[in-house]
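Each chain is listed here by its residues.
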Amino acid sequence: MNKNDVIKHIETNSATYKKASDYIWEKPELRFELKESADHLIEILKQEAFTIERDLADMEDAFVATYGSGGPVIAFLGEYDALPNLSQVPDVLEKQSLVKGDSGHGCGHHALGTASLASAVAIKEYLRSNNRSGTVKFFGCPAEEGGSGKAYMARAGVFEGLDAIITWHPMNENRVWGESSLANFQVSFNFKGISAHAAAAPHEGRSALDAAELMNIGVNYLREHIIQDARVHYAYTDVGGGAPNVVQPTASLLYFIRAPKSTQVKAIFDRIVKIAEGAALMTETELEVVWDSAASDYVVNKVLAHTMQENMESLGGTAYSEEEKAYAQRYVETLSENEKSSNEKKVRSGFKNLSEEQVKELIEEPILGKVYPLNLSQVVLPGSTDVGDASQNAPTVQCLTASYPAGTSPHSWQWVATGKGPILHKGMLFASKVMAATAVDLYEDPVILERASEEFQWKMPKGYKNYIPEDVKPQ
């Protein structure tokens, strides 16, 4: 069985993978409670002779499926968590909840896990039919959205002993991910005060809400004195009730602190804790700092990126029928002019050597099926992913594939509405083929893995450090 056979195996079984992706789309689950999604993927893997280990790193719905023995050990990462309040009727051209207040797959993780599974199954067949030494693993990873499940898995040593990690993400274009990401800490600051009548006995009260507001004011002043690439976001998760004539006895803030490196996030976090302590002192309230999670910055492996780029270009991108283009165009028309212009920005940044005529041709496409040139600039993307924690444990590579209409954005109703559509399925299968083809190269050419390992060791001389306190468990 060669690389072409591996790709053919994915195509032959495409109906199974489309069905699995749609099943997970129909049963959106959040964060760490992903039983139905995990069960469904595990059942497919069991039928394919993988051995399953579940309940990893204190997460019932985290698992690893393994086939083969010996090296190299190549792993695929799968996600399957949804987003809150994004329930959406499929294939309609307006925001319309399927179940009011329910969740929805607005980031394509229903397809992400399925495509990675398809790659793992195809590689299993490759190892079996060729009687090759080697191991393939599929990691089921909960809570990428806000819970950083992979960080907990990394802390537990789940990713140790891997020679390479391969993954992907649905997007609007076909390219290898060549940028880093922002590390982050997600931490709650809970203030506890004393309630009192705000008019009759205000002097008896100690306002937790005042403490939270003072903390935010202090952090606003801090923003002038942190590195420019850092981001500090917050949300009130408790304001002590809705009665203004009561001194609020409780208040809570959830902070997201981001910076290019975890060490930078840690330095900012330490200063924010001091500000919160100061706010508590000023208001004579009690402060509790409660960790949620943390994610490390993504470490690009250029050796693996070049290998994946060659396979993406060899496969030629994704060709869409006129009917599929018309389907995508209907959703493009739901966007504002500013949102539509985002496609032009992507094209101009992704294809710098094109003529103006060629750029115009791509801009007018309702979905961008061509393959972007490889871009390994030192840019840090203004977002975070817990794939960063995996990438700091083994050489890692990932791609994006054109799975949604041009200009539509992650976490939007348009992504949920088209999540069972033809372009999503096509982008998902293309990703699976790219990942599987890349894995074949790694099994057949040990020099690639040697060079990838050398680069990894050079970039991670001090090894991996997880900043989540040991006593903090997935919530």
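Procedures and definitions
Residues numbered from 1 in each chain as written. Predicted model: local features only at pLDDT ≥ 70, side-chain atom pairs only at ≥ 80, totals over all residues. Heavy atoms only, no water. Axes fitted to C-alpha atoms, helices over the stretch in contact; angles between N-to-C directions. Helix = DSSP H or I, 4+ residues; strand = E, 2+ residues; numbered from the N terminus. Parallel < 35°, antiparallel > 145°, perpendicular 65-115°, else oblique. Contact = heavy atoms within 4.5 Å. Buried < 20%, exposed > 50% of the residue type's maximum accessible area, 1.4 Å probe, protein only. Pairing = 2+ DSSP bridges. 1 Å grid on protein atoms, 1.4 Å probe; cavity = no way out; pocket = protein on both sides within 12 Å on 5 of 7 lines; lining within 4 Å. Points joined across faces, edges and corners; volume = space filled by probe spheres on them. Nonpolar A, V, L, I, M, F, W, Y, C, P; charged D, E, K, R; others polar. Phe/Tyr/Trp six-rings, centres within 6.5 Å; stacked < 30°, edge-to-face > 60°. Lys NZ or Arg CZ within 6 Å of the ring centre and 35° of its normal.

Enquirer: Describe the packing of helix α8 (residues 302-315) against helix α15 (residues 446-459), and please don't skip the residues or the numbers.
Expert: In the contact formed by α8 and α15, the axes pass within 7 Å of each other and the chain directions differ by 140 degrees. Here α15 runs oblique to α8, going by the angle between their axes. On α15, the residues that touch K302, V303, L304 and T307 of α8 are I448, R451, A452, E455 and K459.

Enquirer: For the pairing of strand β8 (residues 183-192), give the residues involved together with the corresponding values.
Expert: In terms of residue burial, β8 counts as a mostly covered element, since nine of its ten residues are buried. In the sheet, β8 pairs with strand β10 (residues 250-259) via ten bridges, with the strands oriented antiparallel. Paired with N184 across the strands is R258, a residue of β10. Taken together, the nine bridges between β8 and strand β11 (residues 286-295) define a ladder with antiparallel strand orientation. Across the sheet, residue N190 finds its bridge partner in β11, namely E288.

Enquirer: Summarise the layout of surface pockets; cite the residues concerned and give the values.
Expert: Put simply, the second largest pocket is a space of about 600 Å³. In terms of lining residues, the second largest pocket is bounded by 26 residues, among which K261, D297, V299, K459 and M460 are the most central. Its residues assigned to classes, the lining of the second largest pocket comprises ten nonpolar, nine polar and seven charged.

Enquirer: Quick one: what's the story with the packing of aromatic side chains, residue by residue and with numbers?
Expert: Where two aromatic rings form a pair, the distance of their centres and the angle of their planes describe that pair. Inspection of every chain in the model, using the stated rule, returns 17 aromatic pairs. Aromatic pair Y331 and W413: ring centres 6.4 Å apart, planes at 55 degrees, arrangement tilted. In this pair, Y331 sits in helix α9 (residues 322-332) while W413 sits in helix α13 (residues 413-417), placing the two residues 82 residues apart along the sequence. Looking at Y331, the relative accessible area reads 2%, which means it is buried. Taken together, the aromatic side chains of F185, F269, W291 and Y467 make up a single cluster linked through ring pairs. Its end group placed over the ring of Y467, K465 keeps NZ or CZ at 5.0 Å from the ring centre.

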